[in-house]
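Working through the structure, step by step
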Amino acid sequence: MNNAMETKSAVVAEIAEKLEKAASVIVLDYKGLTVEQVTELRSQMREAGVEYKVYKNTLVRRAASQVGGDAFANFNEEQLVGPNAIAFGYDDPVAPARILKSFMDKNPEKITLKMGVVEGEFYNESKIVALASIPSREVLIAKLLGSLKAPMSNFVYLLDAIIKKQDEATEA
């Protein structure tokens, strides 16, 4: 095997490993971005623990066929055409979608979400956008705690108001 073939095989193995390990994989068309915008997007991804990579489509198709499964069956010649980048989310499966949707809102018509796989299920563009609208885990926990705390707080305020009213009645 020559050197180029060995290099390509190593890259395919790397992509296949990332596809298997990632909780979410989102493919996007980035052809409208400037260098500054790509740099900004990469830094946002890095801060959220999301890996943003550009690979040759043929290598991604080979890796997806190695991983197998129905979810990666759409990583084919019809879908993977043109300049594509891939966002791999490892810890938070919603983070790549949220970052890309936010970036799309700030820079309309610059990137296009093509498809993705989130926790073993295939997502088209509309499903990815819907996924991005889900609040983060921290926000959901905060809302839950706020909901649990509200009745107790109201009860404490009620008791305090009763005590103040009784104090005023005894003073008068």
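Residues numbered from 1 in each chain as written. Predicted model: local features only at pLDDT ≥ 70, side-chain atom pairs only at ≥ 80, totals over all residues. Heavy atoms only, no water.

Examining unusual backbone geometry
Despite not being glycine, Glu109 shows a phi value in the positive range, around 65 degrees. Mapped onto the elements of the fold, Glu109 is located in the loop between helix H4 (95–106) and strand S4 (112–118). What makes Glu109 exposed here is its relative accessible area of 82%. At Glu119, a position not held by glycine, the phi torsion is positive, near 50 degrees. (Helix = DSSP H or I, 4+ residues; strand = E, 2+ residues; numbered from the N terminus. Buried < 20%, exposed > 50% of the residue type's maximum accessible area, 1.4 Å probe, protein only.)

Points about the domain arrangement of the protein chain
Domain parsing of the protein chain yields domain 1 (3–134) and domain 2 (136–171). Computed from C-alpha coordinates alone, the two centres of domain 1 and domain 2 are separated by 46 Å. (Domains from an automatic or database assignment.)

A look at the packing of helix H1 (residues 3–21) against helix H3 (residues 57–67)
Viewed as axis vectors pointing N to C, H1 and H3 meet at an angle of 55 degrees, and their least axial separation amounts to 8 Å. The angle between H1 and H3 places the two elements in the oblique class. Crossing hand, H1 versus H3: right-handed. Across from Lys8, Val11, Val12, Ile15, Ala16, Leu19 and Glu20 in H1, the residues of H3 making contact are Leu59, Val60, Arg62, Ala63, Ala64, Gln66 and Val67. Taken together, the residues of the contact of H1 with H3 sort by class into 10 nonpolar, 1 polar and 3 charged. (Axes fitted to C-alpha atoms, helices over the stretch in contact; angles between N-to-C directions. Parallel < 35°, antiparallel > 145°, perpendicular 65-115°, else oblique. Left-handed = near helix turned anticlockwise from the far one by under 90°. Contact = heavy atoms within 4.5 Å. Nonpolar A, V, L, I, M, F, W, Y, C, P; charged D, E, K, R; others polar.)

Looking at the pattern of salt bridges
Overall, the coordinates contain 7 salt bridges when judged by the stated rule. Where Arg98 meets Asp92, a salt bridge forms, and the shortest distance between an N and an O atom there is 3.6 Å. Its relative accessible area of 24% is what places Arg98 among the partly exposed residues. We classify Asp92 as partly exposed; its relative accessible area is 28%. Salt-bridge contacts for Asp160 lead to Lys164; the nearest nitrogen and oxygen are separated by 3.4 Å. (Salt bridge = Lys/Arg side-chain N within 4 Å of Asp/Glu carboxyl O.)

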